[in-house]
Amino acid sequence: SNECMAIFGEKYLDVKNKLATRRALELAGITPSDADLQAIAAGNVPPALLLSDDVHFNDDGYRLLANMIYGRMDKLGYLDN
């Protein structure tokens, strides 16, 4: 993460660390389960944002990812006219 930040600077988006939070669940309107809280405590993306394969995002996970990417692109001025 620090190495990527050094290479890519503001363009780097640490998806895992942004989604492995209670705030991410709050933004998705999800009340965390015990499994979600355990995953977050271990630094992992909570199951509520993943498909049953525990690898790929579900609709809520992809919506949060898309919003993060959009926000970063907007901040960097990529969406300016």
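Below you will find a few notes about this structure. (Residues numbered from 1 in each chain as written. Predicted model: local features only at pLDDT ≥ 70, side-chain atom pairs only at ≥ 80, totals over all residues. Heavy atoms only, no water.)

## A word on unusual backbone geometry
Excluding glycine, residues mostly carry a negative phi; peptide bonds, for their part, are mostly trans.
Working step 1: Phi at aspartate 54 takes a positive value of approximately 60°, unusual for a residue other than glycine.
Working step 2: Mapped onto the fold, aspartate 54 is located in the loop between α4 (34–41) and α5 (59–75).
Working step 3: For aspartate 54, a relative accessible area of 55% gives the class exposed. (Helix = DSSP H or I, 4+ residues; strand = E, 2+ residues; numbered from the N terminus. Buried < 20%, exposed > 50% of the residue type's maximum accessible area, 1.4 Å probe, protein only.)

## Things to note about α4
Working step 1: Every buried residue of α4 is accounted for by Asp36, Ala39 and Ile40. Across the axial projection of α4, the buried residues extend over an arc of 100°, all falling on one side. In α4, those exposed residues whose orientation departs by more than 90 degrees from the buried face are Asp34, Gln38 and Ala41.
Working step 2: Those residues of α4 that are buried are in contact with α3 (22–27).
Working step 3: The opening residue of α4, the one whose side-chain oxygen lies 3.3 Å from the backbone nitrogen of alanine 35, is serine 33.
Working step 4: Where α4 terminates, the next one or two residues include glycine 43, which has phi positive at roughly 85°. (Arc of directions from axis to C-beta. Contact = heavy atoms within 4.5 Å. Polar contact = N/O pair within 3.5 Å; in protein donor to acceptor, adjacent residues only side chain to side chain.)

## With respect to the pattern of salt bridges
Working step 1: One pass over the structure, following the stated rule, counts 2 salt bridges.
Working step 2: Residue glutamate 26 pairs with arginine 23 through a salt bridge whose shortest N-O separation is 2.6 Å. Here glutamate 26 and its partner arginine 23 are both found in helix α3, 3 residues apart, which amounts to about one turn of the helix.
Working step 3: Looking at glutamate 26, the relative accessible area reads 55%, which means it is exposed.
Working step 4: With its nearest N and O atoms 2.4 Å apart, the salt bridge here joins aspartate 60 to arginine 63. Of this pair, aspartate 60 and arginine 63 both sit in helix α5, 3 residues apart, roughly one helical turn. (Salt bridge = Lys/Arg side-chain N within 4 Å of Asp/Glu carboxyl O.)

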